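Descriptive structure summary
Residues per chain are reported as follows:
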Amino acid sequence: EVQLVESGGGLVQPGGSLRLSCAASGFTFSSYLMSWVRVAPGKGLEWVSTINSGGGSTNYADSVKGRFTISRDNARNTLYLQMNSLKPEDTAVYYCAQGFPRRPGVMHVADYDYWGQGTQVTVSS
């Protein structure tokens, strides 16, 4: 059974940092591209970032480029998202997902086969 379990969310002040983790099991983690996707209050799903299977190639949404860093540890079957210089507009539920956007930057649910349960990130003073 495929499982993706996110952790690391919480409440942080603007300008602060958080590191999200996603523990994967039930599939060969090192063989798959992985992504982070978020849902902000009152908004639809937004693709955030994708990393290739080996970890050597990454892509980011313009809204987070330069502030967020996606990485992975294939030995630990874990995906990460380091979030720096957080803004109130980063407030959202963050999901890790197995898959990647077939059209660059375009969020399409069908591009992802498995999702975690999500972790809440709230950026507020």
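Attention in this report is confined to the structure presented alongside it. Starting from 1, residues in each chain are numbered consecutively following that chain's sequence as written. Thresholds applied to this predicted model are a pLDDT of at least 70 for local features of residues and 80 or more for the giving and counting of side-chain atom pairs; totals over whole chains, interfaces and linings are not thresholded and use all residues. Where side-chain values are given, they derive from all heavy atoms of the structure, hydrogens and water being excluded.

Points about the pattern of salt bridges
Condition: Any Lys or Arg side-chain nitrogen located within 4 Å of an Asp or Glu carboxyl oxygen qualifies as a salt bridge. Think of it in three bands: residues with accessible area under 20% of the maximum for their type are buried, residues over 50% are exposed, and the middle band is partly exposed, with areas taken using a 1.4 Å probe on protein chains only.
Tallied over the entire structure, the rule returns 5 salt bridges. Across the pair D62 and K65 runs a salt bridge, and its minimum N-O distance is 3.2 Å. The pair formed by D62 and K65 is uniform in burial state, with each residue classed as exposed. Taken together, the salt bridges that share partners define one network made up of R38, E46, R67 and D90.

A few points about the sheet that holds strand β7 (residues 68-73)
Strands pair in a sheet through their backbones, by hydrogen bonds, and they do so in one of two ways: parallel or antiparallel. How we decide: When DSSP finds two or more bridges between a pair of strands, those strands are recorded as paired. Here a strand is any run of E in DSSP of at least two residues, a helix any run of H or I of at least four, and the numbering for each starts at the N terminus. Think of each axis as a best-fit line through the C-alpha atoms, taken over the contacting stretch in the case of a helix, with angles from 0 to 180 degrees between the N-to-C directions.
Strand order in the open sheet formed by 4 strands is β1-β3-β8-β7, with antiparallel pairing between adjacent strands. Whereas interior strands pair on both sides, the edge strands pair on one side only; in this sheet they are β1 (3-7) and β7. Between one strand and the next, the sheet's axes are offset by a mean angle of 15°, whatever the strand orientation. Summarising the sheet, β1 and strand β3 (residues 18-25) pair through 5 bridges and their orientation is antiparallel. Note on β3: the bridge partner recorded for S7 is S21.

What about unusual backbone geometry?
Even without being glycine, N77 reaches a positive phi, approximately 50°. With respect to the helices and strands, N77 occurs in the loop between β7 and β8 (78-83). For N77, a relative accessible area of 28% puts it in the partly exposed group. The phi dihedral of S85 falls on the positive side, at around 50°, and the residue is not glycine. Within the secondary structure, S85 sits in the loop between β8 and β9 (92-99).

Topic: the side chain of T91
To keep it simple, the criterion reads: In the analysis that follows, any N or O atom pair within 3.5 Å is treated as a polar contact, provided that within protein one partner can donate a hydrogen and the other can accept it, and provided that, for residues neighboring in sequence, both atoms belong to side chains. Residue contacts follow a heavy-atom distance rule, with two residues in contact if any of their heavy atoms lie within 4.5 Å.
For T91, the position within the fold is in the loop between β8 and β9. For T91, a relative accessible area of 15% corresponds to the buried category. Only 2.9 Å separates the side chain of T91 from the backbone nitrogen of V123, close enough to count as a polar contact. In contact with T91, other than residues within four places in its own chain, are A40, P41, Q120, V121, T122 and V123.

Examining the state of the cysteines
Basically, it comes down to this: Here, two cysteine sulfur atoms that lie within 2.5 Å of each other are counted as a disulfide.
In total, this model carries 1 disulfide according to the counting rule given. The residue that forms a disulfide with C22 is C96, at a sulfur-sulfur distance of 2.0 Å. One disulfide, between C22 and C96, carries an S-S torsion of 45° and so falls in the right-handed class. In this pair, C22 is assigned in strand β3 and C96 in strand β9, connecting sequence segments 74 residues apart. Of the residues examined, C22 reaches a relative accessible area of 0% and is grouped as buried. Overall, the relative accessible area of 0% leaves C96 in the buried class.

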